[in-house]
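# A structural walkthrough
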Amino acid sequence: SVIRTIFLEFGTADWEQELEDFYNTDVQIPVTATVDGVTYEDVGVRFRGNTSFMMTPAGLKRPIRLKFDFVNEGENLEGYRTLNLLNGVGDPGFLHLSLYSYIANQYIAAPKVNYVRLVVDGENWGVYASQQHFNRDFVADYFGYGGEGVRWQVPGSPGARGGMEYLGDDIEQYRSIYEIDNQDNDASWNALIDMF
C-alpha cells in the first residue's frame with residue numbers, strides 16, 4: 001500500500017560509467033542506501049537485465065539490482081536481502097510484471113512485485129517495479145525451508161534454450177545453457193542431467 005523511496009548515495013560523479021564497465025559481471029559497487037530514514041551502509045549495486053539494459057541509453061532509467069547483505073551479513077530491507085529494480089522497458093502501462101505476479105501467485109510460486117521510487121545522488125530516477133529475487137529467501141517464502149537446494153536459471157537471451165532437453169551425460173553440454181546460482185559441483189550438474 002506504500003511506494004517507498006530508496007535513496008542511493010554513490011559519492012562519485014562517474015558511478016554510472018563504473019556500473020556500466022562492470023555490467024554482466026559479478027562485480028558490485030558498494031553504496032549507501034536510505035529507506036524510511038534508516039541508513040544501510042555498503043549495499044551492493046549493479047546494473048541488471050539484458051534487453052531492458054541494452055535498450056536504455058546511459059543517463060536514463062536503467063534496471064538495477066540491490067544486494068543489502070553485500071558486506072553486512074543478514075542485512076535486509078523489510079525481510080528481503082536482494083531487490084531487482086526493473087525499469088519497465090517494453091511495458092508502457094508499467095503493469096505487466098505486477099499483474100503477472102498477482103495472477104501467478106494464485107497458482108504457483110512466483111516472485112512478489114511492488115513499486116519503489118529511486119533517487120540516486122539526489123536525482124529522481126523515477127518509479128521502478130521491485131521484483132523479489134529468486135534466492136533462498138524466495139524458496140523459504142514459498143516452500144517453508146531455508147533454501148539449501150540447488151537453484152538454476154536460464155540466461156535471458158534469444159539463444160537460450162533451457163527446454164529441459166536431455167543432451168547426454170557430458171556436463172559441458174549444459175553449462176552454456178544453464179546457470180547455477182549455488183553449489184556449483186559435479187553432483188549438482190549430474191542431478192540436473194538425471195532430471196532431464
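Residues numbered from 1 in each chain as written. Predicted model: local features only at pLDDT ≥ 70, side-chain atom pairs only at ≥ 80, totals over all residues. Heavy atoms only, no water.

### A short note on the environment of Asp169
Locating Asp169 in the fold gives a position in the loop between strand E8 (152-153) and helix H5 (172-175). Taking the C-alpha atoms as reference points, Asp169 and Leu77, 92 residues apart in sequence, are found 42 Å from one another. A distance of 2.8 Å separates the side chain of Asp169 from the side chain of Tyr166, its partner in a polar contact. (Helix = DSSP H or I, 4+ residues; strand = E, 2+ residues; numbered from the N terminus. Polar contact = N/O pair within 3.5 Å; in protein donor to acceptor, adjacent residues only side chain to side chain.)

### Considerations on the environment of Leu83
Mapping Leu83 onto the fold places it in strand E5 (residues 82-86). By relative accessible area, which is 7% here, Leu83 ends up buried. For the pair Leu83 and Val45, spaced 38 residues apart in sequence, the C-alpha to C-alpha distance is 9.8 Å. If near-sequence neighbours (up to four positions away) are discounted, Leu83 is found in contact with Ile6, Ile64, Arg65, Leu66, Phe68, Leu77, Ser130 and Gln131. (Buried < 20%, exposed > 50% of the residue type's maximum accessible area, 1.4 Å probe, protein only. Contact = heavy atoms within 4.5 Å.)

### Some details on the pairing of strand E1 (residues 4-9)
A regular strand carries its side chains on alternate faces of the sheet. In the sheet, E1 pairs with strand E6 (residues 113-120) via five bridges, with the strands oriented parallel. Its bridge partner being in E6, Leu8 is matched across the sheet by Val120. As defined by bridge partners, E1 adjoins strand E2 (residues 29-35) across four bridges and the pair is classed as antiparallel. Note on E2: the bridge partner recorded for Leu8 is Ala33. (Pairing = 2+ DSSP bridges.)

### Considering the pairing of strand E3 (residues 38-47)
For E2 and E3, the ladder comprises six bridges, and the chain directions are antiparallel. Its bridge partner lying in E3, Val31 is registered against Val43. In this sheet, strand E4 (residues 64-67) lies alongside E3 in antiparallel orientation, the contact comprising four bridges. The partner of Arg46 across the bridge, within E4, is Arg65.

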